[in-house]
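Examination of the molecular architecture
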Amino acid sequence: MSNLIFEKGNFGREGVSVPAAAKPKKDIYSSIPDTFLAKKNYDFPYLSELDVIRHYVNLSRLNFSIDTNFYPLGSCTMKYNPKINEELSSMKGFVNLHPYQDQEDIQGALYIIHDLEKMLCEITGMNRFSFQPSAGAHGELTGMLMIRAYHCAKNNKKTKVIVPDSSHGTNPASAAMCGYEIVQIKSNENGLVDISELKKNIDKETAAVMLTNPNTLGLFEEEIKEIADISHAKGALLYYDGANLNALLGITNPALMGFDVMHINLHKTFATPHGGGGPGSGPVGVTKELIEFLPVPLVDKKDNQFYFNYDFPRSIGKVKAFYGNFLVLVKAYIYILSVGGLGLKEISENAVLNANYLKENLKKYFDLPYDKICMHETVFSAARQKQENDISALDIAKRLIDYGIHPPTVYFPLIVKEALMIEPTETESKETLDNFIEVMKKIYAESKTNPQLLKEAPHNTPVRRLNEVKAAMDLDLRWNPQKPFDNHR
Ligand SMILES: *Cc1c(COP(=O)(O)O)cnc(C)c1O
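Okay, so let's go over this structure.

What counts, and where the lines are drawn
- Residues numbered from 1 in each chain as written.
- Predicted model: local features only at pLDDT ≥ 70, side-chain atom pairs only at ≥ 80, totals over all residues.
- Heavy atoms only, no water.
- Helix = DSSP H or I, 4+ residues; strand = E, 2+ residues; numbered from the N terminus.
- Rg over C-alpha atoms; globule rule 2.2 N^0.38 Å.
- Buried < 20%, exposed > 50% of the residue type's maximum accessible area, 1.4 Å probe, protein only.
- Contact = heavy atoms within 4.5 Å.
- Lys, Arg positive; Asp, Glu negative; His and termini not counted.
- Charge placed at Lys NZ, Arg CZ, Asp CG, Glu CD.
- Pairing = 2+ DSSP bridges.
- Right-handed = clockwise from strand over helix to strand, strands pointing away.
- Near = heavy atom within 4 Å.
- Polar contact = N/O pair within 3.5 Å; in protein donor to acceptor, adjacent residues only side chain to side chain.
- Areas by Shrake-Rupley, 256 points an atom, 1.4 Å probe, with all protein chains shown as cover.
- Nonpolar A, V, L, I, M, F, W, Y, C, P; charged D, E, K, R; others polar.
- Salt bridge = Lys/Arg side-chain N within 4 Å of Asp/Glu carboxyl O.
- Axes fitted to C-alpha atoms, helices over the stretch in contact; angles between N-to-C directions.
- Parallel < 35°, antiparallel > 145°, perpendicular 65-115°, else oblique.
- Left-handed = near helix turned anticlockwise from the far one by under 90°.

**Some words on the overall build of the protein**
A tally of regular secondary structure across the protein gives 17 helices and 12 strands. For a compact globule of 489 residues, the expected C-alpha radius of gyration is about 23 Å, and the protein comes in at 26 Å, within 12% of that figure. Counting every position in the protein, which comprises 489 residues, the buried fraction comes to 49%. Sequence-distant contacts, at least 24 apart, represent 71% of the contacts inside the protein between residues at least 6 apart. Distance from the positive charge centre (54 side chains) to the negative charge centre (59 side chains) of the protein: 4 Å.

Below, the structure is given as structure tokens:
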């Protein structure tokens, strides 16, 4: 590992020279609470500009990214993000917007929000969208809050939310945060919602059924119409987790399937680089019945002027300051405009084709628990490797790093043992997919001939296997100098 920047440089070396600060009048300090005042003279490292540039450029090269390598991380849709989105969304008129600017001054920005809302309505079949939620899980929470408001307004006594056992972990978490009891239903032998299980568990107190389609196994819920009918007959709403719309764009939509409320991850399906914790955007969409509950403000148009419309007395209120992550909206807008309607459909066709190509070519080597045509992703199991050579999904994932490929999602969905969830996305070429297939075949062979090699992987990274839990549970990001800056003197 390279040294921290604090451990580099040498006393007296200079990057930029700043003129000495004028001595401030004492009363400037008197307004600052004592706890915030520095008690000692902090010593910073002495580095030249070149030291600093090399340090950060080399750090950036340790990053794995979609711009450098293949990234088949299932459920995350790590597609390539065209650079034109970055370029246009960093125009001064966008980045210098202030949320308290007069509405007359920001007509262009409001136009984009208004037009993007129309596009998302057309893509999903929903009637209105709010762009407030800043991520998928945040959209789910917002959607569930609206469902609760809807039932409260109707005096419906609702206490439960149904989720399938294949659902994304954020689904039950979001429903539980709204005070609902979670009822989990088992999938059938085809990896789909078991209709008889649904019928057994749904009743008059069910507020909603939360689903995604294609589900997290990458399979299309063929009986979605019946699921919707069963739910609606009990007065339950159908919530669509649209984090990954990559398989449906321009082909079908959640409204046609009978969904009432949904969110979309603009940062997975459309274009915004993600994976490092943000920024994201998880707009929520609803059918007519739920418009009045959307978070305010919505953007509407009157007398040829766009304006923030707060006139929704039953709105659940705000879930984020102002109007959400605007620059992510700009990127999604540019992306949709630049590919166009037919382009969106091609995205889905190619995403599905690519996933099926990998599935067909790899199923001789790795178990495929649900062997049928998949949508935008496919889920293998390393259960056989585990049993025969004690090689886990994690070992395979780590070995892929040695071959310059990002590991797929592992151990999700929970219903597949030693799951390897692979999503190639539409932006990868056949050559890249073929290389991945070859690498997976090599790893398959290694698992038999040299399992130790896999167990010790990765071999060519700056750090090897890290504790998977400690980094999140035992956060320690502060550097404590051993000796106070002795190396600089
Ligand atoms: C990513 C994802 C989410 C959550 O989205 P975030 O933006 O990470 O909060 C929810 N559901 C599914 C199926 C997802 O893939």
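**Observations regarding the pairing of strand E3 (residues 181-185)**
Where strand E2 (residues 160-164) meets E3, five bridges bridge the pair, whose relative direction is parallel. Looking across to E3, one finds that Val163 is bridged to Gln184. With helix H7 (residues 170-177) bridging E2 and the parallel E3, this β-α-β connection has right-handed handedness.

**Some words on the site of the ligand**
Surveying the vicinity of the ligand reveals 13 residues, the closest of which are Ser75, Gly136, Asp241, His267 and Lys268. In this structure, an oxygen atom belonging to the ligand sits 2.7 Å away from a side-chain N or O atom of His267. Interatomic distance of 2.7 Å between a side-chain N/O atom of Lys268 and an oxygen atom of the ligand. Surface burial for the ligand is 85%, taken as the share of its 380 Å² of free accessible area covered by protein chains. Listed by contribution, the elements that provide at least two residues to the shell around the ligand are helix H6 (136-153) and helix H11 (266-269). It is H6 that contributes the most residues to the shell around the ligand, three residues altogether. Considered class by class, the residues forming the shell around the ligand number three nonpolar, seven polar and three charged.

**Quick word on the pattern of salt bridges**
Per the stated rule, a full pass over the model turns up 29 salt bridges. Here Glu292 makes a salt bridge to Arg314, at a shortest N to O gap of 3.4 Å. Taken as a pair, Glu292 in the loop between strand E7 (284-286) and strand E8 (298-302) and Arg314 in the loop between strand E9 (305-309) and helix H12 (326-362) lie far apart in primary sequence, 22 residues in all. A relative accessible area of 31% places Glu292 in the partly exposed class. We classify Arg314 as partly exposed; its relative accessible area is 43%. One salt bridge connects Asp395 with Lys455, and the closest N-O pair in it is separated by 3.6 Å. Here Asp395, found in helix H14 (residues 393-402), pairs with Lys455, found in helix H16 (residues 451-455); they are 60 residues apart in sequence, far enough to count as distant. Looking at Lys455, the relative accessible area reads 29%, which means it is partly exposed. In this structure, a network of salt bridges that share partners links the residues Lys386, Asp390, Asp395, Lys455 and Arg465.

**Re the packing of H14 against helix H15 (residues 430-449)**
Where H14 contacts H15, the axes come no closer than 10 Å and their chain directions differ by 125°. Taken together, the axis directions place H14 and H15 in an arrangement best described as oblique. H14 and H15 meet at a crossing whose hand is right-handed. Each of Ile396, Arg399 and Leu400 in H14 lies in contact with H15, whose residues at this interface are Phe436, Val439, Met440, Ile443 and Glu446. Among the residues making up the contact of H14 with H15, the classes are represented as six nonpolar, no polar and two charged.

**Section: the sheet that holds strand E12 (residues 419-422)**
With respect to topology, three strands assemble into an open sheet ordered E10-E12-E11, the strand pairing being antiparallel. For this open sheet the edge positions go to strand E10 (378-381) and strand E11 (409-410), each flanked by a neighbour on one side alone. Pairing of E11 with E12, which is carried by two bridges, proceeds in the antiparallel orientation. By the bridge assignment, Val410 is partnered in E12 with Leu420. Those strands touched by H12 are E10 and E12, and its axis lies near 20° from that of E10.

**Examining unusual backbone geometry**
For the peptide bond that leads from Val296 to Pro297, omega is -5°, which places it in the cis range. Turning to its location among the elements, Pro297 is positioned in the loop between E7 and E8. Cis rather than trans, the peptide bond between Ala457 and Pro458 has omega equal to 5°. Position of Pro458 among the secondary structure elements: in the loop between H16 and helix H17 (470-473).

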